[in-house]
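Coordinate analysis (summary)
Spelled out from the first residue to the last, the chains are:
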Amino acid sequence: MRQPHQRQPHRRARALAAWTTTALAAALLAAPAQDAGAATPGSGSLDAEHKSVTWQSPTYAAGTVDSPSKCPTAAEDPDGKVCDRFDLKVSVPDGYWDDNPEGGVPVSIEWAERPTDDFDMYIYDDAGKQVASSAGTADPEATVIPKANGTYHVVVVPYDVHDNSFVGKAYLPETTDAGDLTAFEGGDGRYEIAAGGLKARADFLKGGQLRLQADPSGSFSDPAGSQIVREQPALNTRTSSFDAGAYYGIRSADAVLRVYKKPLRFGLYKADNKTRVWQEDKPLRWSTGGMRQSLRRAADEQFFGGGEQNGSFSHRDKTVRVANNTDWNEGGYPNSQPFYLSSAGYGVYRNTFAPGVYDFGPSVHTGQQERRLDAYYFLGDAKQVIGKYTSLVGKPFMPPVYGLEPGDADCYLHNANQGERHTLDSLKVADGYVQNQMPLGWMLVNDGYGCGYENLAETAKGLQERGAQLGLWTQDGIDKLADQVKAGQRVAKLDVAWVGNGYGMALDACDRAKAGIEDNSDARGFVWMPVSWAGAQRCAVLWSGDQKLSWDFVRWQIPTYAGATLSGIAYNTGDVGSIYSHDAKMYARDLQAKTFLPAIMTMDGWARDLTTGQKINQQPWVDGEPYTSINRKYLQLRERLMPYLYTLAKQASDTGVGGVRPLWLEYPDDPATLGANAKYEYLAGDDFLVAPVYKDSDTRDGIYLPKGTWTDYWTGKRYKGPTTLDGYHAPIDTLPVFVKSGAIVPMWPKGTTSWKTRDKAQLGWDVYADRGGRSAYTLYEDDGVTRKFAKGESATQRVTLESDRDGTVLNVGGSNGGYTGKATRRAYTFTVHGAPEPHRVTVDGRPLPAGSWSYDAAKDVTTVRTASLPTDRSFTVRLS
């Protein structure tokens, strides 16, 4: 979603956070005072006497403006000829929203004619702050004013309309609670339950899952159908029920579901029927358009998930919103998912396309804006829950290896920001990466907003010759993918027309775009999207949207991407250095912070320098020295780590657990991993701890290292955890990185800049000896680009590490399996950290000559180089 380069009739810009400017707030507050009593044109109220409000807009002959920032004031536009305005006063008692399924006032606008037209709705409070919006391409547009109380200003922009008007609606949702149990029956895994008109169903499913449905209409519906859960798990027929007096119990091998009688409530317990997993403290509550479940919170229970929640990964005592959202900044939730997990040993997925509000306060209230409950529950620790959830909605896709390399994006044809250029000019930028010895895996060469393209096949061929793959924005052209892929396209970035409404629209576009690449080539689909829903991990990299650069931008992204992993999102990232602003130092720090993320991209052509205000490109060499060398250092480090990152990608596709992780995921029993310090660092796999610098400083305070021994990646200094480091020296060229003892890290040779040109006859192993310890690592390899890996064409190589007082031993297994292009021989370089200086180094008992190994006393590193060996042969390296 990019600001346009040249305004075209049917193009759209979506950077909603930009509208909350002082000027816009002043314009909104300039509206004349209006009677807020009974609903009249221009104003209305919701209170004890007025439960709903409707209003009719003027008829617009055509679209007027493309954003609320371009709406005139109410005084300048009294008849609403440019933008429609409506003032809504909400008066409710304190606490009204605390246990309301909808969590606020629902507001919608519905067209009178032509549902393909486009009105956009923005809602501001009395201070001019945007509190809600709906700005996709839906009819109706609908949103919720969270915990509404006070006066709100609804502004509707007629973006793309043709002699059309709309009806606006808002209401106060009223609630009803489930009563006493009136019916209970069933067996063989399925049980039917009733409390008057409320019908419920409990399905015990294979794989240790429970599906609980409830509907006050008395009939079950499934609006999501098979779009999210493409194949329903089979029933686990090995269940039984019993009457315990106050409740009925339903028992499976994994758990007991309690069905309380007065009033109807549910509780899930472990198989002993004593250990609580979750327990409803109130009956189900539904409203005009929503339903919530209320659970008792344990004393130390923590909550995670909700998809991408910008700036947060841990949600105890917070309210999380799950909806279509285009707020790209801290507090936004553009790639949210109706899923959360609890440290109490369970997770829950709400099977819906409806927005939700999850309040993780002392009483946990989770509500969706639909009058039904459809929830899948998973038991286990966090990793097990993530695995079960992604087995249901789709495991993360396996990316091509070039997809893990850096990407570059710009508009080359008809680009008002850059001057007239041609698509083939992208090759000059690709040459810049080659000349500056910086990796480049792919390029987006148009932006889908009138930019267009030409010479597509020639451009694709030129990029491939430079080690990169062709990508295109896909604003409105999924149907064009077949021809584009045949011409060489291998990356698709979805945008407004295909994902603007989110929910099912976004998921459908994601699946179709991935299939469009795979149906027309032997490549793996590689898709990016900025607005998504549950299941998108199976088909796309999720991208956090358009941001402006600041130190806060660098800061809040750290917990965002680590936290997304807790919802099974394996690939989540943001533009390096943001899109709209540029600063050499912030760009370098942000690139460092993203070095260990699973995907990385630079957006070029839209930025202005923060100091000069002048247009500036954003390739990693544009700032000159020392920044060019610093950025090269981290891009080449990332490229060297590609075998490690690629293996993490394979693990994610198997387990659902992505490579970027909050510390809590690996150290759930350490409360400090939920503290303020640990929030702004992350793990890459379980071996690297990354603590980015997110201030204009050459020191980093509050680096928390959990239990174990951690080695500073740059100095070799070792720290015993748990400990917190303050005053860590981190000049502009230093990203604080620590490696856990026992780590075994595969690496490509120094100087590697592309997967295509890497030396397959060389492989490095960076090893961190843990004295008295034993560890192991299994490397995954395949051809990196085709889908043959899904048919078994791949290889694994296992390495074990043992250290004791007699020395360090590395057992390197043979590479098992095969794939096209697999090296039959390679030489190995081992860098062994933390082991005492050896007197002798042997391979399979034969001493290596002195020139084949060396010891660096300053960093306590022994480097060992072997001869070229058959890859299917196992061997042992001993440092004695």
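Reference entry: report on the structure contained in this document.

Rules used throughout
- Every chain is numbered independently, its residues counted from 1 as its sequence is written.
- At least 70 in pLDDT is required for a residue's local features to be given in this predicted model, at least 80 for side-chain atom pairs to be given and counted, and no such filter applies to totals for whole chains, interfaces and linings, which use all residues.
- As a convention, hydrogens and water are excluded, and side-chain values are obtained from all of the structure's heavy atoms.
- Between rings of Phe, Tyr and Trp, where Trp is taken as its six-membered ring, a pair exists when centres lie within 6.5 Å; planes separated by under 30 degrees are stacked, by over 60 edge-to-face, and by other angles tilted.
- Strands here mean DSSP runs of E at least two residues long; helices mean DSSP runs of H or I at least four residues long; both are numbered from the N terminus.
- To sort residues, take the accessible area from a 1.4 Å probe on protein chains only and compare it with the maximum for the residue type: under 20% means buried, over 50% means exposed, and anything in between is partly exposed.
- By the criterion adopted, a ring carries a charge over it if an Arg CZ or a Lys NZ lies within 6 Å of its centre and within 35 degrees of its normal.
- Only the contacting stretch of a helix is used when fitting its axis, a line to C-alpha atoms as for every element, and angles between N-to-C directions run 0 to 180 degrees.
- Roughly parallel means an angle under 35 degrees; roughly antiparallel, over 145; roughly perpendicular, 65 to 115; everything else is oblique.
- Contact between two residues is taken to exist if any of their heavy atoms lie within 4.5 Å; hydrogens are not considered.
- When residues are sorted by character, Ala, Val, Leu, Ile, Met, Phe, Trp, Tyr, Cys and Pro go into the nonpolar class, Asp, Glu, Lys and Arg into the charged class, and all the rest, Gly among them, into the polar class.
- Salt bridge, as used here: a side-chain nitrogen of Lys or Arg that lies within 4 Å of a carboxyl oxygen of Asp or Glu.
- Following DSSP output, two strands are said to pair if at least two bridges run between them.
- This arc describes the spread of directions from the helix axis toward the C-beta atoms.
- Here, the term right-handed applies to a crossover whose path from the first strand over the helix to the second runs clockwise when the strands point away from the viewer.
- Disulfide assignment relies on a single distance test, namely cysteine sulfur atoms paired within 2.5 Å.

Attention now goes to the packing of aromatic side chains. In this structure the tally under the stated criterion is 48 aromatic pairs. With centroids separated by 4.0 Å and ring planes inclined at 25°, the aromatic side chains of Phe 304 and Trp 664 adopt a geometry described as stacked. With a gap of 360 residues between them, Phe 304 in strand β22 (residues 303-307) and Trp 664 in helix α12 (residues 663-666) connect regions that are remote in the sequence. Taken as a pair, Phe 304 and Trp 664 share a single burial class, namely buried. Among the aromatic side chains, those forming a connected cluster through ring pairs are Phe 596, Tyr 634, Tyr 644, Phe 688, Tyr 713, Trp 714, Trp 765 and Tyr 777. The side chain of Arg 265 reaches across the aromatic face of Tyr 260, ending 4.7 Å from its centre.

Two elements in contact, helix α9 (residues 584-593) and helix α10 (residues 627-640), have axes separated by 10 Å at closest approach and are oriented at 10°. Taken together, the axes of α9 and α10 are roughly parallel relative to one another. Of α10, the residues touching α9 (which contributes Ala 584, Lys 585, Tyr 587, Ala 588, Leu 591 and Gln 592) are Tyr 627, Ile 630, Asn 631, Tyr 634 and Leu 635. Considered class by class, the residues forming the contact of α9 with α10 number eight nonpolar, two polar and one charged.

Here we take up the side chain of Ser 741. Turning to its location among the elements, Ser 741 is positioned in the loop between β47 (737-740) and β48 (744-747). Its relative accessible area of 12% is what places Ser 741 among the buried residues.

To continue, consider the pattern of salt bridges. Within the structure shown, the criterion is met by 37 salt bridges. The salt bridge partner of Asp 203 is Arg 190, with a shortest N-O separation of 2.8 Å. In this pair, Asp 203 is assigned in strand β13 (residues 198-205) and Arg 190 in strand β12 (residues 190-195), connecting sequence segments 13 residues apart. One salt bridge connects Asp 495 with Lys 493, and the closest N-O pair in it is separated by 3.5 Å. There is no split in this pair, since Asp 495 and Lys 493 are both buried. Look at the salt bridges and you will find they share partners, linking Asp 99, Asp 177, Lys 282, Arg 285 and Arg 292 into a network.

Time to look at the pairing of strand β19 (residues 276-279). Every regular strand shows the same layout, with side chains that alternate between the two sheet faces. By the bridge criterion, three bridges tie strand β18 (residues 265-270) to β19 in an arrangement that is antiparallel. Within β19, the position partnered with Tyr 269 by the bridge is Arg 276. Connecting the antiparallel pair β18 and β19 is a turn made up of five residues, with Asn 273 showing a positive phi of about 60°.

Every buried residue of helix α4 (residues 456-465) is listed here: Leu 456, Thr 459, Ala 460, Gly 462 and Leu 463. Each buried residue of α4 lies within a common arc of 165° when the element is viewed along its axis, so the set occupies one face. When the buried face of α4 is taken as reference, the exposed residues oriented beyond 90 degrees from it are Lys 461 and Glu 465. Contacts from the buried residues of α4 go to α3 (426-435), β30 (442-444), β31 (469-474) and α5 (481-486). Phi turns positive, to about 90°, at Gly 467, one or two residues after α4.

Another aspect to go through is the sheet that holds strand β38 (residues 607-609). The strand order across the open sheet formed by three strands is β36-β38-β39, and the pairing between neighbours is mixed. A single partner strand is all that each edge strand has here, and the edge strands are β36 (581-582) and β39 (615-616). Two strands pair when backbone bridges link them, and β36 and β38 are joined in this way by two bridges, in the parallel orientation. Bridging from a neighbouring strand, His 582 pairs with Asp 609 of β38.

Okay, the environment of Pro 406 next. When you line up the elements, Pro 406 lands in the loop between α2 (382-393) and β29 (407-409). Take Pro 406: its relative accessible area is 7%, and that puts it in the buried class. Along the primary structure Pro 406 and Pro 598 are separated by 192 residues, whereas in three dimensions their C-alpha atoms are 9.9 Å apart. Other than its neighbours up to four places away in sequence, Pro 406 contacts Pro 439, Leu 440, Gly 441, Trp 442, Ile 600 and Leu 635.

Taken in spatial order, the four strands make up an open sheet running β2-β9-β4-β7, and their pairing is antiparallel. Edge positions in the sheet fall to β2 (52-56) and β7 (141-146), since each of these pairs with one other strand and no more. Taken pair by pair, the neighbouring strands of this sheet meet at an average axis angle of 15°, ignoring direction. Bridging between β2 and strand β9 (residues 166-171) involves five bridges; their strand directions are antiparallel. Bridging across to β9, Val 53 finds its partner in Ala 170.

The element β31 is largely enclosed, with a buried count of six among its six residues. By the alternation rule, side chains of β31 split into Gln 469, Gly 471 and Trp 473 and Leu 470, Leu 472 and Thr 474, which are all buried. Of the pairings in the sheet, the one linking β30 to β31 comprises three bridges and is parallel in character. Bridging across to β31, Leu 444 finds its partner in Gly 471. The handedness of the β30 to β31 crossover, carried by α4, is right-handed.

Under the criterion given, the structure shown has three disulfides. Put simply, Cys 71 and Cys 83 are joined by a disulfide, and their sulfur atoms are 2.0 Å apart. Residues Cys 71 and Cys 83 are joined through a disulfide that is left-handed, its torsion about the S-S bond being -85°. Of this pair, Cys 71 sits in the loop between β2 and β3 (84-90) while Cys 83 sits in the loop between β2 and β3, placing them twelve residues apart in sequence. Cys 83 gets classed as buried once you look at its relative accessible area, which sits at 1%. Shown here is the disulfide that connects Cys 411 with Cys 451, its sulfur atoms set 2.2 Å apart.

Just geometry here; none of it tells us what the structure is for.
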